[in-house]
Amino acid sequence: MNMRVIEPKSSIAVIGGGQLGRMFIQAAHRLGYDAGTLSPTADAPATHVASWVVVGPSDRQSSLAEIARKAKAVSVEFENVSAAGLRWLARRGVVVRPGWRTLWISQNRLREKTFLAEHGVPTAPWRQVHNQAELDLAVRELGLPLILKTADSGYDGKGQVRIDAGNQAKAAWESLQQAPCVAEGFVEFAAEISVVTARGADGKSVAYPPALNRHRNHILDSTMMPAPVGPIVCQEAQQLALGIAQSLENVGVLTVEFFLTSSGDLIVNELAPRPHNSGHLTIESAVTDQFEQQVRALCGLPLGGSTLVQPAAMVNLLGDLWSNGEPRWADALALDPGVRLHLYGKQTAVPGRKMGHLTVLDPIAETALDRATAARAVLLGRKS
Ligand code: ATP
Ligand code: MG
């Protein structure tokens, strides 16, 4: 394993121009790095804060060549970037973390599920769907309801349909352009939790406490950390997540999303080889935040502590909040001086688009969530 330390002041980069790239760059700057981005568009959240910007897709050789000239080390903001592009960079001597193999596995649900099965990790029962016969078989063997998910490039619930009756299956698959899919048995979960881990170049790893996540319309709505699920479930979730990071031999941040059943069983939903929306609150609440861990792992520095200074909650700010004009920022901040506002600098608010988030720390995590939710309601001009 490459144990070379890339010292602060060096130039490093992130592939992807969204809010995750932006927060990676902000963490890198705090540590004294010169940090740039390879962004598909010139006006994206990460480009506003980057020391330098290369505009282009992650699978164009000329863009990658420019990154290789400018940066000693490269990370990614999300998994849907070209794995071949990462391999190309690594072969030119650029330190690339996470590695292309981790990306290749986690960017495709069929490969990810196969990897988890091979390592004995519990998941929802699933079947591959490449043709009508496999779809029919999945409906018969898994039962209903089930969820059909495209194997490639899904996020925020995009590329997913729920099937409640057998006669809906064909139309559901057609609505996904008959792309290769995973059919998943529907999990009647009691809660959704996630564990953000980081693994250093020396193989040492850390896990944050599990976060409790609530979704609305398949998009993360709020997170509370630590999840109030008791020490046994917490430890088991952390162990499972760290085990997966180790099996992947991944260097970097890796998040594992779980379903928790009412009988206390943990089922892995999916992997994200990167900082996660549910870890944004670590910016204020943890000894070291998830983006700094990503920078440290990338640069071969020792990881920082992952304990919480205080429990915390986060609520997402989606584009829907702009439906009646600009949200009332001053009113929300006036309500509670403990509210921290993060905006990602996106120009157009579209319903469902992640525009920013609010974080609140409180000795009691549930109270932190109530306070964050109350502040968000004020943004819309509602009392709470
Ligand atoms: P994200 O980008 O938010 O992680 P995604 O598009 O990658 O989302 P998933 O995490 O697979 O998609 O699914 C989104 C949400 O849909 C889950 O968090 C969960 O609430 C619900 N969901 C997904 N799969 C199942 C399932 N098998 N049973 C029950 N609910 C599910
Ligand atoms: Mg998910």
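To be clear, the structure that these remarks concern was listed above.
Residues numbered from 1 in each chain as written. Chains lettered and ligands numbered in written order. Predicted model: local features only at pLDDT ≥ 70, side-chain atom pairs only at ≥ 80, totals over all residues. Heavy atoms only, no water.

**Student:** I would appreciate a short explanation of empty space enclosed by the protein in the present structure.
**Tutor:** Rolled over the atoms, a probe as big as a water molecule pinpoints where empty space is left. Scanning all chains against the criterion turns up one cavity of 30 Å³ or more. Around the largest cavity, the lining residues are Ser75, Arg97, Pro98, Val251, Gly252, Val253, Pro273, Arg274, Gln294 and Leu298. Of all the elements in the fold, those that place two or more residues in the lining of the largest cavity are strand E14 (252-260) and helix H10 (290-299). Residue classes in the lining of the largest cavity are distributed as five nonpolar, three polar and two charged. (1 Å grid on protein atoms, 1.4 Å probe; cavity = no way out; pocket = protein on both sides within 12 Å on 5 of 7 lines; lining within 4 Å. Points joined across faces, edges and corners; volume = space filled by probe spheres on them. Helix = DSSP H or I, 4+ residues; strand = E, 2+ residues; numbered from the N terminus. Nonpolar A, V, L, I, M, F, W, Y, C, P; charged D, E, K, R; others polar.)

**Student:** Hey, could you run me through helix H8 (residues 230-247) in this one?
**Tutor:** Every α-helix carries 3.6 residues per turn, so stepping three or four residues along brings you back to the same face. Look at H8: 26 Å from first C-alpha to last across 18 residues, which is about the 26 Å you get at 1.5 Å a residue. Taken together, the buried positions of H8 are Val233, Cys234, Ala237, Gln238, Leu240, Ala241, Ile244 and Ala245. Here the buried residues of H8 occupy an arc of 160° about the axis, which is enough to place them on one side. Along H8, the residues that are exposed and aim more than 90 degrees away from the buried face are Pro231, Ile232, Gln239 and Gln246. On its buried face, H8 is in contact with helix H5 (109-118), strand E10 (191-199), strand E11 (205-207), E14 and strand E15 (266-272). Following H8 by one or two positions, Glu249 adopts a phi angle in the positive range, close to 50°. (Expected span 1.5 Å × (residues − 1). Buried < 20%, exposed > 50% of the residue type's maximum accessible area, 1.4 Å probe, protein only. Arc of directions from axis to C-beta. Contact = heavy atoms within 4.5 Å.)

**Student:** It is not clear to me how the site of ligand 1 should be interpreted in this structure. Could you clarify?
**Tutor:** Around ligand 1, the structure places 21 residues, and the nearest of them are Lys149, Gly157, Gln160, Glu192 and Glu270. Between Arg109 and ligand 1, the recorded distance is 3.2 Å, taken from a side-chain N or O atom to an oxygen atom. Separating an oxygen atom of ligand 1 from a side-chain N or O atom of His218 is a distance of 3.2 Å. Isolated, ligand 1 exposes 600 Å² of accessible area, and the fraction of that covered by the protein chains is 93%. Mapped onto the shell around ligand 1, the elements with two or more residues apiece are strand E7 (146-150), strand E9 (181-185), E14 and E15. The class makeup of the residues in the shell around ligand 1 is six nonpolar, seven polar and eight charged. Each of domain 2 (125-185) and domain 3 (189-379) gives at least three residues to the shell around ligand 1. (Near = heavy atom within 4 Å. Polar contact = N/O pair within 3.5 Å; in protein donor to acceptor, adjacent residues only side chain to side chain. Areas by Shrake-Rupley, 256 points an atom, 1.4 Å probe, with all protein chains shown as cover. Domains from an automatic or database assignment.)

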